[in-house]
There are 2 protein chains.
Amino acid sequence: MRLPLKTEYACQVLAQLASTFASGQVRQVEELAAAEHLSPNYLVQILTTLRQAGLVISRRGKNGGYLLARHPDDITLAEIAMALEGGALIESSPGNGGKSAERVRHAWVRVNEAMLQSCGGITLTELIPPLQTQDGADWVI
Amino acid sequence: MRLPLKTEYACQVLAQLASTFASGQVRQVEELAAAEHLSPNYLVQILTTLRQAGLVISRRGKNGGYLLARHPDDITLAEIAMALEGGALIESSPGNGGKSAERVRHAWVRVNEAMLQSCGGITLTELIPPLQTQDGADWVI
DNA sequence: TTAAAGTTGCGTCGTTTACTAAGGTATTGT
DNA sequence: ACAATACCTTAGTAAACGACGCAACTTTAA
């Protein structure tokens, strides 16, 4: 099971927003994309989803940008992942009518619940990246 | 994150094998496929993977078939899923060099460990399907 | 009013998944 | 020994999904 890039990107950009949450300033897509090495065009779609889920607030027009909707301590991996993917973290199939299909499905539902529990224990605060260097440049070997 | 059908099928067929483990008799692909509503050709590939992982034993030739390698109490969801997928249940991407990529990756590694823990607590015994009816027919509405 | 910035929807290309098919190989009953 | 039986392996494929790119639209500060 591969964790979707979209979810990973969402965590990264939210961590980035968390790092400047105290300032109350908005951050623009271009800058966020540069900091996390993401495609701006794709990042926009992710941020839109996060806004619809109530995790970020956007301001349009000139000097617009994005802002975390709540304190980083109050946003968990569980919320982030649930915002991106639909109803469940681990989604099992509708079932094929096999004799043990129902039991198997139920077992994975339990696993999903356990996973939600553990994801609910990891907050954005733990994801805040190490202190940024003063020069804005990144080093690539 | 969708649970791969392959993994779900593996659980189903292992549950089926668990239900007759006590008898010591082998079960044939055609019969297993019928009981779990799976494609025999596809099921063979899954069973081969499970055999390579040491979860089932196969006997070739006439009167051949498959048998659970260990007691159902001793086989967990974690082992099954790890046998099908590669190194981890939740596999995060290589990382894109973003400022918070490393932290995010590490967080999901922790989630993966928690998930392994919870999957390790569910055994095949819990997946054994309800008692089979004597007539071999299935009912579809 | 104009330029900057978010919003939305569509299109596309590459990868993965789920499955089919066909030929090969090992056992066993006779 | 032989042939029937059942597992083994690999190649191929069609559909679905993921990860974007692009373009037209809307909102808002200056």
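Residues numbered from 1 in each chain as written. Chains lettered and ligands numbered in written order. Predicted model: local features only at pLDDT ≥ 70, side-chain atom pairs only at ≥ 80, totals over all residues. Heavy atoms only, no water.

Draft legend 1. Layout of the confidence of the model for chain A. Per-residue confidence for chain A gives a mean pLDDT of 92, with 93% of residues at or over 70. pLDDT under 50 marks residues 135-141 of chain A. Its contacts with residues more than four places away, or in other chains, come to three contacts. (pLDDT = per-residue confidence, 0-100. Contact = heavy atoms within 4.5 Å.)

Draft legend 2. Spatial organisation of the relation of the copies chain A and chain B. The transformation that overlays chain A on chain B combines an axial shift of 0.0 Å with a rotation of 180°, and the residual RMSD is 0.1 Å. Taken together, the rotation angle and the small translation identify this as a two-fold axis. Nearest to the rotation axis, the C-alpha of Met115 of chain A is located 2.9 Å from it, this being the minimum over chain A. Most of the interface of chain A is mirrored in chain B, where 100% of its interface residues are also at the interface. (Least-squares fit on C-alpha atoms with pLDDT ≥ 70 in both.)

Draft legend 3. Geometry of the protein's contact with DNA strand D. As a matter of local geometry, DNA strand D sits amid 28 residues, with Leu5, Tyr9 and Ser39 of chain A together with Ser58 and Tyr66 of chain B nearest to it. Here DNA strand D approaches the protein such that, of its atoms within 4 Å, sugar and phosphate make up 76%. Taking Tyr9 of chain A, its side chain carries an N or O atom lying 2.8 Å from a phosphate oxygen of DNA strand D. Separating a base oxygen of DNA strand D from a side-chain N or O atom of Arg60 of chain A is a distance of 2.9 Å. For the surface near DNA strand D, the elements supplying multiple residues, two or more each, are α1 (5-19) and α3 (40-52) of chain A together with α3 (40-52), β1 (56-59) and β2 (65-68) of chain B. With four residues, the single largest contributor to the surface near DNA strand D is α3 of chain B. (Near = heavy atom within 4 Å. Polar contact = N/O pair within 3.5 Å; in protein donor to acceptor, adjacent residues only side chain to side chain. Helix = DSSP H or I, 4+ residues; strand = E, 2+ residues; numbered from the N terminus.)

Draft legend 4. Broad picture of the packing of helix α1 (residues 5-19) of chain B against helix α4 (residues 77-84) of chain B. All names here are of chain B. Where α1 meets α4, the axes come as close as 10 Å, and the angle between the chain directions of the two elements is 130°. Considered as vectors, α1 and α4 are oriented oblique to each other. α4 is crossed by α1, and the crossing has right-handed handedness. Contacts from Lys6, Thr7, Ala10, Cys11 and Leu14 of α1 reach α4 at Leu77, Ile80, Ala81 and Leu84. (Axes fitted to C-alpha atoms, helices over the stretch in contact; angles between N-to-C directions. Parallel < 35°, antiparallel > 145°, perpendicular 65-115°, else oblique. Left-handed = near helix turned anticlockwise from the far one by under 90°.)

Draft legend 5. Just the protein's contact with DNA strand C, in detail. Every one of the 28 residues lining DNA strand C counts as a neighbour, but Ser58 and Tyr66 of chain A together with Ser39, Gln45 and Arg60 of chain B are closest to it. Looking at DNA strand C alone, sugar and phosphate atoms form 74% of those within 4 Å of the protein. Arg51 of chain A is positioned with one of its side-chain polar atoms (N or O) 2.9 Å from a phosphate oxygen of DNA strand C. A distance of 2.4 Å is found between a phosphate oxygen of DNA strand C and a side-chain nitrogen or oxygen belonging to Tyr66 of chain A.

Draft legend 6. Fine view of the interface of chain A and chain B. Counting from both sides, the interface comprises 49 residues of chain A and, opposite them, 49 residues of chain B. Both faces considered, chain A and chain B share a buried interface measuring about 4,400 Å² in area, 58% of it formed by carbon and sulfur atoms. Broken down residue by residue, the surface that chain A buries against chain B is led by Met1, Lys99 and Trp108 of chain A, which jointly contribute 19%. Here chain A and chain B share two salt bridges between them. Of the charged contacts in the structure, one is a salt bridge between Arg110 of chain A and Glu126 of chain B, with a shortest N-O distance of 3.0 Å. The tally of links between chain A and chain B comes to 29 residue pairs in polar contact (both at pLDDT 80 or more). Contributions of two or more residues to the side of chain A that touches chain B are made by α1, α2 (29-36), α4 (77-84) and α5 (101-119) of chain A. Looking at which element gives the most residues to the side of chain A that touches chain B, the answer is α5 of chain A, with 12 residues. Here the residues of the side of chain A that touches chain B are counted per class, giving 26 nonpolar, 12 polar and 11 charged. (Buried area = accessible area lost by both parts, 1.4 Å probe. Salt bridge = Lys/Arg side-chain N within 4 Å of Asp/Glu carboxyl O. Nonpolar A, V, L, I, M, F, W, Y, C, P; charged D, E, K, R; others polar.)

Draft legend 7. Structural detail: the side chain of Ser93 of chain A. Topologically, Ser93 of chain A is positioned in the loop between α4 and α5. There is a polar contact of 3.1 Å between the side chain of Ser93 of chain A and the side chain of Glu8 of chain B. If we ignore the near neighbours within four places in the chain, the residues touching Ser93 of chain A are Arg105 of chain A together with Leu3, Leu5 and Glu8 of chain B.

Draft legend 8. Geometry of the nonpolar core. Formed by 80 residues in total, the largest nonpolar core has its most connected members in Leu50 and Trp108 of chain A together with Trp108 of chain B. Setting aside anything within four residues of it in sequence, one finds Trp108 of chain A in contact with Ile90 of chain A together with Leu3, Thr7, Cys11, Leu77, Ala81, Met115 and Cys119 of chain B. (Core = buried A, V, L, I, M, F, W, Y, C linked by side-chain atoms within 4.5 Å. Buried < 20%, exposed > 50% of the residue type's maximum accessible area, 1.4 Å probe, protein only.)

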